[in-house]
Amino acid sequence: QVHLVESGGGLVQPGGSLRLSCVVSGLTFSRYGMGWFRQRPGKEREFIVTIAGGGGATRYADSVKGRFIVSRDNTNNTLYLQMNSLKPDDSGLYYCAKTRGSAGMMHPGDYDYWGQGTQVTVSS
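Note that this is a predicted model, so its numbers are computed, not measured. (Residues numbered from 1 in each chain as written. Predicted model: local features only at pLDDT ≥ 70, side-chain atom pairs only at ≥ 80, totals over all residues. Heavy atoms only, no water.)

Trainee: Please explain the state of the cysteines as it appears in this structure.
Mentor: In protein chemistry, a disulfide is the covalent bond that joins the sulfur atoms of two cysteines. Applying the stated rule across the entire model yields 1 disulfide. A disulfide bridge connects Cys-22 with Cys-96, and the sulfur atoms are separated by 2.0 Å. Here the S-S torsion is close to 60°, and the disulfide linking Cys-22 with Cys-96 is therefore right-handed. Placement of Cys-22 in strand β3 (residues 18-25) and of Cys-96 in strand β9 (residues 92-99) is noted, with a sequence separation of 74 residues between them. The two residues Cys-22 and Cys-96 agree in class, both being buried. (Disulfide = S-S within 2.5 Å. Helix = DSSP H or I, 4+ residues; strand = E, 2+ residues; numbered from the N terminus. Buried < 20%, exposed > 50% of the residue type's maximum accessible area, 1.4 Å probe, protein only.)

Okay, structure coming up:
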């Protein structure tokens, strides 16, 4: 069975940082691209970033580019999202997911396995 487990969410002040982790099991991790999505209150699930299986190719949403950094540790089957300069509008439920294909996929339907989500709240 394929499992994705996010962690690292929490409450942070505006301008602060958080690092999210996603531990993946049940597949050969390095063969697959991965992505991060978020769902903010009252909004549709939105794309944040995708990363290729080898970690070399990434694509970010304009809303987070320059603030968020994705990385992966294929030895430990872990995906990361470093979030800096956080804003209240970044608050929401963050999901990691496995892509059906290559990096660059930006839609929820392009991903076939999802984690349970981790809550990020940015507030003073």
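Trainee: What should I look at first to understand the packing of aromatic side chains in this one?
Mentor: We describe a pair of aromatic rings using the distance from one ring centre to the other and the angle between the two ring planes. Tallied over the entire structure, the rule returns 5 aromatic pairs. Here the aromatic rings of Phe-37 and Tyr-111 are separated by 5.0 Å at their centres, their planes lie at 80°, and the arrangement is edge-to-face. One end of the pair, Phe-37, is in strand β4 (residues 34-39); the other, Tyr-111, is in strand β10 (residues 111-114), and 74 residues separate them in sequence. Ring geometry for Phe-37 against Trp-114: centres 5.0 Å apart, planes inclined by 55°, an arrangement best described as tilted. Taken together, the residues span a long stretch of sequence, with Phe-37 in strand β4 and Trp-114 in strand β10 at a distance of 77 residues. Judged by relative accessible area, which is 0%, Phe-37 ranks as buried. (Phe/Tyr/Trp six-rings, centres within 6.5 Å; stacked < 30°, edge-to-face > 60°.)

Trainee: So what exactly am I meant to see when it comes to the sheet that holds strand β7 (residues 68-73) here?
Mentor: Taken in spatial order, the 4 strands make up an open sheet running β1-β3-β8-β7, and their pairing is antiparallel. The open sheet has two edge strands with one neighbour each: β1 (3-7) and β7. Ignoring which end each strand starts from, the neighbouring axes of this sheet average 15° apart. Where β3 meets strand β8 (residues 78-83), 6 bridges bridge the pair, whose relative direction is antiparallel. Looking at β8, one finds that Val-23 is bridged to Thr-78. (Pairing = 2+ DSSP bridges. Axes fitted to C-alpha atoms, helices over the stretch in contact; angles between N-to-C directions.)

Trainee: Help me out: how do you make sense of the environment of Gln-82 in this one?
Mentor: Its place among the elements puts Gln-82 in strand β8. Ignoring any residue separated from it by four or fewer positions in sequence, one finds Gln-82 in contact with Ser-17, Leu-18, Arg-19, Arg-67, Phe-68 and Ile-69. Here the side chain of Gln-82 touches Asn-84 through a polar contact of 3.0 Å, side chain to side chain. (Contact = heavy atoms within 4.5 Å. Polar contact = N/O pair within 3.5 Å; in protein donor to acceptor, adjacent residues only side chain to side chain.)

Trainee: Where do I start with the side chain of Glu-6 in this structure?
Mentor: With respect to the secondary-structure elements, Glu-6 resides in strand β1. Buried and unpaired, Glu-6 has no salt bridge, with Arg-45 as the nearest side chain of opposite charge at 8.0 Å. Side-chain polar atoms of Glu-6 contact the backbone nitrogen of Cys-96, separated by 2.8 Å. Other than its neighbours up to four places away in sequence, Glu-6 contacts Ser-21, Cys-22, Trp-36, Tyr-94, Tyr-95, Cys-96, Gly-115, Gln-116, Gly-117 and Thr-118. (Lys, Arg positive; Asp, Glu negative; His and termini not counted. Salt bridge = Lys/Arg side-chain N within 4 Å of Asp/Glu carboxyl O.)

Trainee: Would you explain unusual backbone geometry in this entry?
Mentor: The backbone of Asn-77 sits at a positive phi, close to 55°, despite the residue not being glycine. Tracing the chain through its elements places Asn-77 in the loop between β7 and β8. Phi at Ser-85 takes a positive value of approximately 50°, unusual for a residue other than glycine. Examined against the element boundaries, Ser-85 turns out to sit in the loop between β8 and β9. Given the relative accessible area of 41%, Ser-85 is considered partly exposed.

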